[in-house]
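# Per-entry structural report
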Amino acid sequence: MSGGDHVHPAATRQGKARVGILISGAGSNMAAIIEAAKATDYPADVALVISNNPEAPGLALARAAAVEALAIDHRPFGKDRHAHELAIDSALRTHGVEVVVLAGYMRILTAHLVRAWEGRMLNIHPSLLPKYPGLDTHARAIAAGDAEAGCTVHLVTEGVDEGPVLGQARVPVEAGDTPETLSARVRVAEHRLYPEALAAFIRQRKTAPV
Ligand code: GAR
């Protein structure tokens, strides 16, 4: 796998970065990014959506928005996570993807894919990192008695939920919150944060010295 950018024949629309989104489920963050990308001044186009789960509702949502969406099921690959990721990587490159967005992609990546997209792969996590990496973030915030919860967009590095933070959004934890009610409040914040953080990242990347 080479890490170099390459220009896709379908050429980036009006200089927009071509983004590939990886999902496993509902795809509500993916939908928020697809919606934001409809604006003419948004700096990215969603070139491709990939799900490891063929049943992910997000696949149909993407297709309904006229975005190409592929299921690359991890199950036929068995324990060979690297081979599954090679198939994902190949699809991303075939579609001229320049920036990869993990949006509820619920598989831990191997170092191969992380290194191949280092500095060009973003994730959203439902906590105020470095608090609560991993799962059950809302239940943990409630159990700890936290007054605030939220979400974090960060660059993906080899350590799970550890990469440099690009943006965070905060919401209050309210009396009587359950993991479900808190998750719903955080999700609303995610849908604002992720399109904004992605756009800021791409704009900054374009102006950064090479
Ligand atoms: C989001 O809340 C996202 O933060 C979380 O999964 C949800 C996906 O929802 N991601 C993680 O927990 C990653 N560790 P969506 O499919 O509706 O966007």
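Residues numbered from 1 in each chain as written. Predicted model: local features only at pLDDT ≥ 70, side-chain atom pairs only at ≥ 80, totals over all residues. Heavy atoms only, no water.

## Description of the site of the ligand
As a matter of local geometry, the ligand sits amid Ala26, Gly27, Ser28, Asn29, Gly104, Met106, Ile124, His125, Pro126, Arg187 and Glu190. Asn29 has a polar side-chain atom sitting 2.9 Å from an oxygen atom of the ligand. At a separation of 3.1 Å, an oxygen atom of the ligand approaches a polar side-chain atom of Arg187. Taking 450 Å² as the accessible area of the ligand by itself, protein coverage stands at 88%. For the shell around the ligand, the elements supplying multiple residues, two or more each, are α1 (28-36), β5 (121-125) and α6 (179-207). (Near = heavy atom within 4 Å. Polar contact = N/O pair within 3.5 Å; in protein donor to acceptor, adjacent residues only side chain to side chain. Areas by Shrake-Rupley, 256 points an atom, 1.4 Å probe, with all protein chains shown as cover. Helix = DSSP H or I, 4+ residues; strand = E, 2+ residues; numbered from the N terminus.)

## A short note on the pairing of strand β6 (residues 148-155)
Across the eight residues of β6, seven count as buried, placing the element largely inside the fold. In the sheet, β5 pairs with β6 via four bridges, with the strands oriented antiparallel. For Ile124, the partnering residue across the bridge sits in β6 and is Val153. Bridge count between β6 and strand β7 (residues 165-172): seven bridges; the pairing is antiparallel. Bridge pairing links Cys151 to Ala169 in β7. (Buried < 20%, exposed > 50% of the residue type's maximum accessible area, 1.4 Å probe, protein only. Pairing = 2+ DSSP bridges.)

## Considerations on the packing of α1 against α6
The N-to-C vectors of α1 and α6 enclose an angle of 45°; their axes lie 9 Å apart at closest approach. Accordingly, the angle class assigned to the pair α1 and α6 is oblique. You can see that α1 and α6 cross each other, and the crossing is right-handed. Residues Ser28, Asn29, Ala32, Ile33 and Ala36 of α1 lie in contact with α6, whose contacting residues are Arg187, Glu190, His191, Tyr194, Pro195 and Leu198. (Axes fitted to C-alpha atoms, helices over the stretch in contact; angles between N-to-C directions. Parallel < 35°, antiparallel > 145°, perpendicular 65-115°, else oblique. Left-handed = near helix turned anticlockwise from the far one by under 90°. Contact = heavy atoms within 4.5 Å.)

Read these as layout, nothing more, since geometry by itself doesn't imply function.
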